[in-house]
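# A closer look at the structure
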Amino acid sequence: MDSSSLKGLLAEHAELETQLADPAVHADQARARKLGRRYAELTPVVRAVHELDTVRDDLAAAREMASEDAEFAAEAEQLSARIPELESKLTELLLPRDPYDGSDVVMEIKSGEGGEESALFAGDLLRMYLRYAERHGWKAEVLDSVDSDLGGFKDVTLSIKTKSVVPDGVWSRLKFEGGVHRVQRVPATESQGRIHTSASGVLIYPEPEEVEVEIDPNDLRIDVFRSSGPGGQSVNTTDSAVRITHLPTGIVVSCQNEKSQIQNRARALQVLQARLQAVAEEEAAAKASDARKSQVRTVDRSERIRTYNFPENRISDHRVNYKAYNLDQVLDGDLDGVLDALATADREERLAASAG
């Protein structure tokens with residue numbers, strides 16, 4: 001990035017700081033959150049620039065004094081060695097960002113091939129993500145679920161949110177989770193002790209804070225019904241659950257975990273908004289580049305991104321050739337190893353693209 005562009009970012013950061021100090025800005029929470037998120041994104045860049053400027057100034061001073069004092073010559077050598085590291089750090093910070101990296105997410109987990117075993121594994125994945133969210137201090141909430149007969153899930157939708165404005169939010173960590181997750185183990189339903197392979201699918205969307213896709217009310221069919229718990233039992237006596245069908249696309253979203261029909265309707269519209277946004281962006285990206293990788297939309301065992309092998313306690317991510325033998329810990333929410341590997345591969349790819 002040239003010096004004028006860098007100066008522009010520094011000026012933007014200073015302007016954001018001024019705006020966020022104005023109490024009137026915080027009267028509009030959505031605007032304040034948007035400004036705060038951009039400020040949080042730019043702060044590491046500003047710090048890196050200031051640190052690099054300081055080291056360069058110190059180096060110039062140390063070189064001036066080096067002829068008079070050997071200690072300054074040694075200091076100059078150390079400072080000189082730091083500059084390439086700081087320049088590399090700044091280059092990385094200036095890489096084009098995913099615009100949704102600070103966003104909260106909506107996640108859907110669906111059972112696929114394997115019947116009840118797949119539904120049980122979908123329940124394992126749900127617990128894994130809930131525990132991961134708990135470890136990071138995020139707020140996770142199940143919005144809707146369809147239970148299976150043995151206590152798993154045929155389909156479950158959840159939202160995961162950060163509790164504060166951060167530059168790298170839930171999306172930045174979980175955006176690579178979309179796809180088919182394959183499990184190899186002896187199912188609870190297997191009497192012969194044979195290992196079976198089944199699969200569950202994960203779909204994940206950044207949750208937009210502002211309406212970016214217009215939704216025509218005439219395109220919606222809204223049904224209400226009673227919320228149900230395990231085994232189909234009714235958990236309340238009013239029709240508070242809401243199912244919304246977007247007629248042009250056939251997308252169906254339901255929410256039954258809020259306390260009132262109004263709350264469930266509002267939450268279901270948010271989920272629909274996120275899904276339509278994802279569809280619109282995938283279509284735009286497909287037109288721009290045929291090479292863009294998209295999330296797997298069908299839950300087929302052959303189209304897997306990751307395999308969970310219980311007999312060997314092994315987890316493998318096939319996109320980055322990651323392999324570890326701590327599956328029990330991963331399923332308990334210790335996902336950082338595999339997520340770090342995916343983030344590193346993505347960063348290296350972006351660095352290579354910027355260099356080319």
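Structure first, text after, so check above.
This report concerns the structure included in the present document. Since we're looking at a predicted model, the values are computed, not measured. (Residues numbered from 1 in each chain as written. Predicted model: local features only at pLDDT ≥ 70, side-chain atom pairs only at ≥ 80, totals over all residues. Heavy atoms only, no water.)

### As for the nonpolar core
Stated precisely, the cut-off is as follows: Remark: nonpolar core denotes a set of buried residues (Ala, Val, Leu, Ile, Met, Phe, Trp, Tyr, Cys) joined through side-chain atoms within 4.5 Å. Summary of the burial criterion: residues with accessible area below 20% of their type's maximum are buried, those above 50% are exposed, and those between are partly exposed, where the area comes from a 1.4 Å probe applied to protein chains only. Only runs of H or I of at least four residues qualify as helices and only runs of E of at least two qualify as strands under DSSP, and these elements are numbered from the N terminus. Residue contacts follow a heavy-atom distance rule, with two residues in contact if any of their heavy atoms lie within 4.5 Å.
By size, the foremost hydrophobic cluster in this structure holds 35 residues, and its most contacted members are Ile109 and Leu174. Broken down by secondary-structure element, the contributors of at least two residues to this core are β1 (105-111), α4 (115-135), β3 (153-161), α5 (170-174), β5 (196-206), β11 (322-324), α7 (327-331) and α8 (336-355). No other element matches α4, which puts eight residues into this core. When sequence neighbours within four positions are dropped, the list of residues in contact with Leu174 reads Met107, Tyr132, Trp138, Ile160, Ile204 and Leu339.

### Structural notes on the packing of helix α1 (residues 3-20) against helix α2 (residues 29-66)
Heads up, the rule is: Throughout, an axis means a line fitted to C-alpha atoms (over the contacting stretch in the case of helices), and angles, computed between N-to-C directions, take values from 0 to 180 degrees. Should an angle fall under 35 degrees it is called roughly parallel, over 145 degrees roughly antiparallel, and 65 to 115 degrees roughly perpendicular, with every other angle called oblique. We call a crossing left-handed when the near helix sits turned anticlockwise from the far one by less than a right angle, and right-handed when that turn is clockwise. In this classification, the charged set is Asp, Glu, Lys and Arg, the nonpolar set is Ala, Val, Leu, Ile, Met, Phe, Trp, Tyr, Cys and Pro, and all remaining amino acids, among them Gly, are polar.
One way to put it is that α1 packs onto α2 with a least axis distance of 9 Å and a crossing angle of 135 degrees. Taken together, α1 and α2 sit at an angle that is classed as oblique. As α1 runs across α2, the sense of the crossing is left-handed. Contact with α1, carried on its side by Leu6, Leu9, Leu10, Glu12, His13, Leu16, Glu17, Gln19 and Leu20, involves Arg31, Ala32, Leu35, Gly36, Arg38, Tyr39, Leu42, Thr43, Val45, Val46 and Val49 of α2 and no other residues of that element. Residue composition of the contact of α1 with α2, by class: 12 nonpolar, four polar and four charged.

### Topic: the sheet that holds strand β6 (residues 220-225)
Stated formally: The criterion for strand pairing is that DSSP finds at least two bridges linking the strands in question.
Ordered in space as β6-β7-β8, the three strands form an open sheet in which the pairing is antiparallel. Two strands in the sheet have a free side with no partner beyond their single neighbour: β6 and β8 (251-255). Ignoring strand direction, the axes of neighbouring strands in this sheet form an average angle of 15 degrees.

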